[in-house]
Amino acid sequence: MSRKLFEAVNKVAEELDLIYAPDSASWDLMRSLAKVLERQERERCAVICDKMGLPEAAAKIRGE
């Protein structure tokens, strides 16, 4: 896990009064954050492909 993601998970866990440990709530939170970050990164890459004139690559990245 990247340092940035680790820090984000810790911050949210603290705000929700969770102890950052491998309890089910913490793992669910980490999985949810990872999905959000994955979607954001995929879209960022797809936008770059669109700007480079590669619409087919952008569509594949987006899963279209």
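Calculation criteria
Residues numbered from 1 in each chain as written. Predicted model: local features only at pLDDT ≥ 70, side-chain atom pairs only at ≥ 80, totals over all residues. Heavy atoms only, no water. Axes fitted to C-alpha atoms, helices over the stretch in contact; angles between N-to-C directions. Helix = DSSP H or I, 4+ residues; strand = E, 2+ residues; numbered from the N terminus. Parallel < 35°, antiparallel > 145°, perpendicular 65-115°, else oblique. Contact = heavy atoms within 4.5 Å. Nonpolar A, V, L, I, M, F, W, Y, C, P; charged D, E, K, R; others polar. Expected span 1.5 Å × (residues − 1). Buried < 20%, exposed > 50% of the residue type's maximum accessible area, 1.4 Å probe, protein only. Arc of directions from axis to C-beta.

**Student:** An account of the packing of helix α2 (residues 24–51) against helix α3 (residues 55–62) is requested, with residue identities and associated values reported.
**Tutor:** Where α2 meets α3, the closest approach of the two axes is 7 Å, and the angle between their N-to-C directions is 170°. Classified by the angle between their axes, α2 and α3 sit roughly antiparallel to one another. In this structure, α2 uses Arg42, Glu43, Cys45, Ala46, Val47, Cys49 and Asp50 to contact α3, whose residues at the interface are Pro55, Ala57, Ala58, Ile61 and Arg62. Taken together, the residues of the contact of α2 with α3 break down into 8 nonpolar, no polar and 4 charged.

**Student:** Residue-level account of helix α1 (residues 3–15), with values.
**Tutor:** In this model, α1 (13 residues) spans 18 Å end to end at C-alpha, consistent with the 18 Å of a helix rising 1.5 Å per residue. All of the buried residues along α1 are Leu5, Val9, Asn10 and Ala13. The buried residues of α1 occupy an angular sector of 135° when projected down its axis, which confines them to one face. Along α1, the residues that are exposed and aim more than 90 degrees away from the buried face are Arg3, Lys4, Lys11, Glu14 and Glu15.

Structural measurements only, silent on function.
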